[in-house]
Amino acid sequence: MSLINTEIRRPSVRSLDYPDLLSERRTESIRSRTGTIEHPFLIDGEASYRDSSNEEVEGIQAIVDVKAKHKGTTPHGAVFIIMNAALGAAILTFPYATSQCGGIFSLLIMQYLFVILCAGPAMVVMGVCADVGGASVYQEVVEVMTGSKVAKYSCEVFIIALNFFAAIAFLVLIGDQGQEIVHYMIGDEKYQDNAELIRNLVILSMAGGVCFPLCMPRNVSFLTYPGLVSFASVCYVMGTVFVMYFLRTEEAVVTVSKPANLSAVFLVLPTVAFGYACHISAVPVYCALERRTTRGWVKVVATAMALISMVYSVVGIFGYLTFGDMVCADVLLNYDFNNPAVFIARTGIMVSVMMSYPLVHFFARICYENLYRAARGWNVEYGVRTWTVRYYVQTTMWFIVTLLLAILIPGIDQLVNIIGSLGALFILGYPGLCFLGLALNKANHVPEHQLDINASEEEERISRRNDRIFIFAGCAYLVFCAFLFGLAFASGVEQMAGISTSGQVDNPQCYT
């Protein structure tokens with residue numbers, strides 16, 4: 001019997017801190033053509049990830065836990081996975097965001113308020129809702145907590161959009177870093193006359209020779225260990241930006257200590273949302289923990305957010321102090337092309353995003369295949385049988401479109417606002433709906449062993465207070481999501497439209 005369809009009178013819940021629900025559920029196996037994987041997210045024989053093929057389920061399980069597939073992920077491993085999901089291309093944009101929002105103080109205030117009030121609590125509540133609803137991926141949590149297929153389908157559409165623009169951003173970064181690597185290798189004289197051609201050739205060769213072939217396998221478990229390279233590259237970039245500030249030989253740069261106006265403060269929010277948009281990956285990470293408790297999950301989230309914030313703050317502060325208002329949207333473009341330390345950083349970031357491209361395609365592919373099957377009314381078995389040709393067509397079309405757009409877009413600053421606006425939906429919008437779902441549909445979502453039919457008056461009072469907290473938090477998240485989405489999306493569209501008509505960017509010296 002599914003808990004979602006259980007009809008009982010509205011209960012009282014003893015505590016806001018839900019205990020380890022999934023530990024009491026039986027662990028069943030999902031059989032696939034490649035073997036058996038332990039999957040603790042089955043309720044009454046029905047897979048919570050019920051719209052995907054077995055290969056996809058195995059791929060997600062392998063991503064979040066390879067070394068301890070049967071034992072579960074340790075808290076330290078979960079912290080690493082969340083950090084690896086968040087840290088990436090966004091780290092290069094924080095110095096530019098510092099310049100746009102009015103200096104270091106504005107950056108730190110907005111960044112840490114966003115983390116403490118939005119990103120951290122949202123990640124915690126999605127884990128709680130995964131427990132309460134028995135779901136193991138983000139879109140399933142949304143469906144269970146809202147009771148709506150429309151909410152789930154809209155979530156999948158926006159996951160596709162987020163990963164689509166992230167894939168374009170990765171290819172843009174490959175071109176930006178790759179052309180500087182070629183610049184280092186061939187010298188300044190030969191480079192200056194062919195800079196744009198070199199950039200386009202780098203994108204074509206690296207994307208076609210590395211990214212596209214890596215998108216072809218249906219299982220992406222082989223990308224787990226390259227994640228270590230990605231994490232090491234990000235840490236190296238942080239160290240490089242920090243050290244290069246103290247080794248700089250340029251004259252004093254122009255910096256600001258306060259924003260020009262109040263609206264300028266909010267210009268950093270799209271970049272912050274871009275940098276912390278790891279909530280989609282956080283749900284399967286939580287479900288793969290060896291001990292799933294709310295208190296333990298709060299510690300994992302708090303640790304991961306603190307470390308992520310430290311990395312972003314170091315790069316944002318010292319990158320801005322090094323170049324001031326002349327900082328580029330990609331801070332590595334500011335450094336001399338013949339600096340060996342920066343050459344290593346560029347190579348590491350390029351390798352990192354080349355490994356990330358097939359991963360974002362993987363998650364997008366799951367969603368648009370699920371939407372296609374739902375539109376055609378196919379069940380999972382028939383969808384898998386007919387998928388082979390469709391799979392290669394989908395992958396090829398995805399690659400061609402993202403490649404063409406990456407060649408046409410001159411810099412990552414043209415994509416940050418769009419990606420930030422979409423990230424806001426998963427950090428604020430859908431968690432806001434889940435907050436409301438916890439309060440308004442508790443009778444359908446809380447497992448039977450958590451119900452207290454004979455609750456005392458004091459417990460009823462606490463339950464009603466918790467409901468009011470959830471409702472307030474949900475409404476606040478939805479309002480702020482609407483504001484941030486509108487601000488970032490409108491700014492992004494305006495910026496990209498300006499490029500199409502004028503062919504100029506904010507800092508043309510960054511794109512030589």
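This write-up is about the structure you can find in this document. (Residues numbered from 1 in each chain as written. Predicted model: local features only at pLDDT ≥ 70, side-chain atom pairs only at ≥ 80, totals over all residues. Heavy atoms only, no water.)

1. With respect to the overall build of the protein
Counting its secondary structure elements, the protein contains 19 helices and 6 strands. In the protein, buried positions account for 56% of the 512 residues. In the protein, 84% of the contacts between residues at least 6 apart in sequence involve partners at least 24 apart. Accessible area of the protein: about 21100 Å², with a carbon and sulfur share of 63%. (Helix = DSSP H or I, 4+ residues; strand = E, 2+ residues; numbered from the N terminus. Buried < 20%, exposed > 50% of the residue type's maximum accessible area, 1.4 Å probe, protein only. Contact = heavy atoms within 4.5 Å. Areas by Shrake-Rupley, 256 points an atom, 1.4 Å probe, with all protein chains shown as cover.)

2. Observations concerning the packing of helix α3 (residues 94-101) against helix α13 (residues 294-323)
For the pair α3 and α13, interaxial distance at closest approach is 7 Å and the crossing angle is 65°. Our pair here, α3 against α13, has a crossing hand that is right-handed. The residues of α13 that touch α3, namely those facing F94, P95, T98 and S99, are Y312, V315, G316, G319 and Y320. Partitioned by chemical class, the residues of the contact of α3 with α13 number 5 nonpolar, 4 polar and no charged. (Axes fitted to C-alpha atoms, helices over the stretch in contact; angles between N-to-C directions. Left-handed = near helix turned anticlockwise from the far one by under 90°. Nonpolar A, V, L, I, M, F, W, Y, C, P; charged D, E, K, R; others polar.)

3. Here's the deal with the packing of aromatic side chains
Think of a pair of aromatic rings as described by two things: how far the centres are apart, and how the planes are tilted against each other in angle. All told, the structure shown has 25 aromatic pairs when counted by the stated rule. Considering the side-chain rings of F485 and F489, the 5.5 Å spacing of their centres and the 10° angle between planes classify their relative orientation as stacked. Pair noted here: F485 and F489 are both in helix α19 (residues 457-502), with a separation of 4 residues, about one helical turn. Accessibility expressed as a relative area gives 35% for F489, which makes it partly exposed. (Phe/Tyr/Trp six-rings, centres within 6.5 Å; stacked < 30°, edge-to-face > 60°.)

4. Points about the side chain of D413
Counting through the fold element by element, D413 comes out in helix α17 (residues 413-440). Within the buried set, D413 has no salt-bridge partner at all; the shortest N-O distance to an opposite charge, 8.7 Å, is to R199. A distance of 2.8 Å separates the side chain of D413 from the side chain of Q414, its partner in a polar contact. (Lys, Arg positive; Asp, Glu negative; His and termini not counted. Salt bridge = Lys/Arg side-chain N within 4 Å of Asp/Glu carboxyl O. Polar contact = N/O pair within 3.5 Å; in protein donor to acceptor, adjacent residues only side chain to side chain.)

5. A word on α3
The buried fraction of α3 is high, at 7 of 8 residues. Within α3, the full set of buried residues consists of F94, P95, Y96, A97, T98, S99 and C101. Elements that come into contact with the buried residues of α3 comprise α4 (104-133), α10 (262-265), α11 (269-275), α13 and α17. The first or second residue beyond α3 is G102, which carries a positive phi of 110°.

6. Notes on the nonpolar core
F114 and W297 are the most contacted members of the largest nonpolar core, which has 138 residues in total. Setting aside residues up to four positions removed in sequence, W297 forms contacts with I82, M123, V124, G127, A282, V285, Y286 and L289. (Core = buried A, V, L, I, M, F, W, Y, C linked by side-chain atoms within 4.5 Å.)

7. Quick look at the pattern of salt bridges
Tallied over the full model, the rule gives 5 salt bridges. In this structure, K149 and E143 form a salt bridge, with 3.2 Å as the shortest nitrogen-oxygen distance. Note on K149: relative accessible area 38%, which makes it partly exposed. Of the charged contacts in the structure, one is a salt bridge between R373 and E369, with a shortest N-O distance of 2.8 Å. Of this pair, R373 and E369 both sit in helix α14 (residues 340-376), separated by 4 residues, roughly a single helical turn. A single burial state applies to R373 and to E369, both of which are buried. Counted as one network, the salt bridges with shared partners bring together E369, R373 and R390.

8. Points about the packing of helix α2 (residues 75-86) against α13
Helices that pack against each other are described as a pair by the angle of their axes relative to one another and the distance between those axes. Axis separation between α2 and α13 bottoms out at 9 Å; the angle between their running directions is 40°. Here α2 lies oblique to α13, going by the angle between them. For the crossing formed where α2 meets α13, the hand is right-handed. Residue-level inspection shows P75, A78, V79, I82, M83 and A86 of α2 in contact with α13, the latter providing W297, V300, T303, A304, L307, I308 and Y312. Broken down by class, the residue content of the contact of α2 with α13 amounts to 12 nonpolar, 1 polar and no charged. (Parallel < 35°, antiparallel > 145°, perpendicular 65-115°, else oblique.)

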